[in-house]
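Breakdown of the fold
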Amino acid sequence: MRSPSNSKTAVLIFAHSSQEELKHKAISKETELFDALTYGIIKTVEKTGFPYFHVSEEQQIGATFGERFTHAIQYVFNQGYESVITVGNDTPHLNAKHIIDASAHLTSGKLVIGPSADGGFYLMGLHASFFNSETLRDLPWQSSELYRSICSLAIKEEKEIKSLTTLFDIDEFQDLKRLFDYGRGLHAKLLSILKLIFSSKTPIYSDLSVISIRSFSATPFNKGSPFS
C-alpha cells in the first residue's frame, strides 16, 4: 500500500513535540505517551510511501492556530507538491488506508475531510487550487463548528467534498480512557503506555496539578496535537 515514488501529494504531520506538551499537561507517563502518539502517526504515514513533513512547534509560524496551520500547508505547497494531506498525532485509529483513500479522492478534484466525533477533523486533503491562506486561517479552529464550516466553504467554492469515516481524537483525559478500553488497532508501543497509565497504583495526577487538570479538561476540539 505505497504511493508512486513520483507522487505529487505530500503529507503534513502537524503536531507538537512531547517537550512542548509537557508545559501544559499533568499526566502520568506523559512524555512516553506523546512520543508514542507521534511515533504512531509517523509510522502510519511511512507505510503509505508518501513524502511527508513533520511540523512541530519549532517550525510553526504565527500567533494563532489558524495562522500556524495555514503557514505549514503553504510551506508544503512551496516545495512543489500539488496536493497536501494534513494529519495530527491525536487520532490513534487513523491508518494508512485512510491516507491512501484521501489521495485517491484528491486526484478526482475533491476536498477530502476525515471528520472527528467532536465536530473537528483528523485529516484534511486539499489541492493547491483550493488553498486560500486567508480563508482557511479564519475558520473556527479548535471548535465544534470546524467540520461544518469547511463543508460550507466547499459548497461556496463549488468544490465537491468527500468525507471519510468518522473517528474520535484525544481532547480530554476521558478520551484516553476510552482509547484504552477500546485498544483494538493500536500499535504496541502506545498500548503499553496506556496500560502503564491505567494500571498504576499511584494517582495519575499529582496534588499540585489541579489547575492544569481543569485547564486540560476544558480545552476540547483540538486539531493538530493532543490536549493543546
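Residues numbered from 1 in each chain as written. Predicted model: local features only at pLDDT ≥ 70, side-chain atom pairs only at ≥ 80, totals over all residues. Heavy atoms only, no water.

1. Focus on the overall build of the chain
For clarity, the cut-off: In DSSP terms, a helix is any run of H or I states spanning at least four residues, a strand is any run of E spanning at least two, and both are numbered starting from the N terminus. Burial status follows relative accessibility: with a 1.4 Å probe on protein chains alone, a residue under 20% of its type maximum counts as buried, one over 50% as exposed, and anything between as partly exposed. Throughout, a contact is declared for two residues whenever any of their heavy atoms are within 4.5 Å. Computed by Shrake-Rupley with a 1.4 Å probe, the accessible areas treat only the displayed protein chains as cover when residues are assessed.
Each helix and strand in the chain was counted, giving nine helices and six strands. Taken over 228 residues, the chain has a buried fraction of 50%. In the chain, the share of contacts with a sequence separation of at least 24, taken over all contacts with a separation of at least 6, comes to 76%. For the chain, the computed accessible surface area is about 11,000 Å², with 51% contributed by carbon and sulfur atoms.

2. Some thoughts on the sheet that holds strand 3 (residues 83–87)
Worth spelling out the cut-off: DSSP calls a pair of strands paired once it identifies at least 2 bridges connecting them. Helix axes are fitted only over the stretch in contact, all axes being lines through C-alpha atoms; the angle between N-to-C directions runs from 0 to 180 degrees.
Ordered in space as 2-1-3-5-4-6, the six strands form an open sheet in which the pairing is mixed. Across the chains shown, the open sheet's two edge strands, defined by having one partner strand only, are strand 2 (52–55) and strand 6 (161–163). Averaged over all neighbouring strand pairs, the angle between strand axes comes to 15°, with direction disregarded. Those strands touched by helix 3 (residues 65–78) are strand 1 (9–14), strand 2, strand 3 and strand 5 (121–127), and its axis lies near 150° from that of strand 1. Helix-sheet contacts for helix 4 (residues 96–106) involve strand 1, strand 3, strand 4 (111–115), strand 5 and strand 6, and the interaxial angle to strand 5 is about 30°.

3. Some points on the packing of aromatic side chains
So the rule is basically this: What counts as a ring pair is set by centres within 6.5 Å for rings of Phe, Tyr and Trp (its six-membered ring), and what kind of pair is set by the plane angle: stacked under 30 degrees, edge-to-face over 60, tilted for all other angles.
Per the stated rule, a full pass over the model turns up nine aromatic pairs. With 5.4 Å between their ring centres and 50° between their planes, Phe77 and Phe131 make a pair best called tilted. Residue Phe77 is found in helix 3, and its partner Phe131 is found in the loop between strand 5 and helix 5 (133–137); the two are separated by 54 residues along the sequence. A residue is classified by how much of its surface remains accessible, and Phe77, at 10% relative accessible area, is buried. With a relative accessible area of 13%, Phe131 lands in the buried category.

4. Details of the environment of His93
The topology assignment puts His93 in the loop between strand 3 and helix 4. With 94 residues separating them in the primary sequence, His93 and His187 have C-alpha atoms 9.3 Å apart.

5. Quick word on unusual backbone geometry
Note on backbone geometry: most residues besides glycine have negative phi, and most peptide bonds are trans. Phi at Gln142 takes a positive value of approximately 55°, unusual for a residue other than glycine. Take Gln142: it is sitting in the loop between helix 5 and helix 6 (146–156). Assessed through its relative accessible area of 30%, Gln142 is described here as partly exposed. Of note in the backbone geometry, Glu158 takes a positive phi value of approximately 60° without being a glycine. Along the chain, Glu158 turns up in the loop between helix 6 and strand 6.

6. As for helix 4
To keep it simple, the criterion reads: Note: the arc covers the axis-to-C-beta directions of the helix. Definition of a polar contact: a pair of N or O atoms within 3.5 Å, with one able to donate and the other able to accept a hydrogen when the atoms are protein atoms, and with sequence-neighbouring residues admitted only if both atoms are side-chain atoms.
Within the span of helix 4, buried status applies to Ala96, His98, Ile99, Ala102, Ser103 and Leu106. All buried residues of helix 4 lie within an arc of 165° about the axis, which places them on one face of the element. The N-terminus of helix 4 is capped by Asn95, whose side-chain oxygen sits 3.0 Å from the backbone nitrogen of Lys97.

7. Topic: the confidence of the model for the chain
Interpretation of the predicted coordinates at a detailed level should be avoided for regions scoring low in pLDDT. How we decide: pLDDT runs from 0 to 100 and stands for how confident the predictor is about each residue.
On average, residues of the chain carry a pLDDT of 78, and 73% of them reach 70 or more. Mean pLDDT across the elements of the chain ranges from a minimum in helix 9 (residues 210–217), with 32, to a maximum in strand 3, with 97. When the criterion is pLDDT under 50, residues 21–29 qualifies, and its contacts beyond four places in sequence or with other chains add up to 30 contacts. Within the model, the stretch residues 224–228 combines pLDDT values under 50 with 34 contacts to residues more than four positions away or in other chains.

8. Digging into the environment of Ile99
In this structure, Ile99 sits in helix 4. Separated by 51 residues in sequence, Ile99 and Thr48 place their C-alpha atoms 7.4 Å apart. Those residues within four positions of Ile99 in sequence are excluded, and the remaining contacts are Val11, Thr44, Val45, Thr48, Phe50, Ile85 and Leu123.

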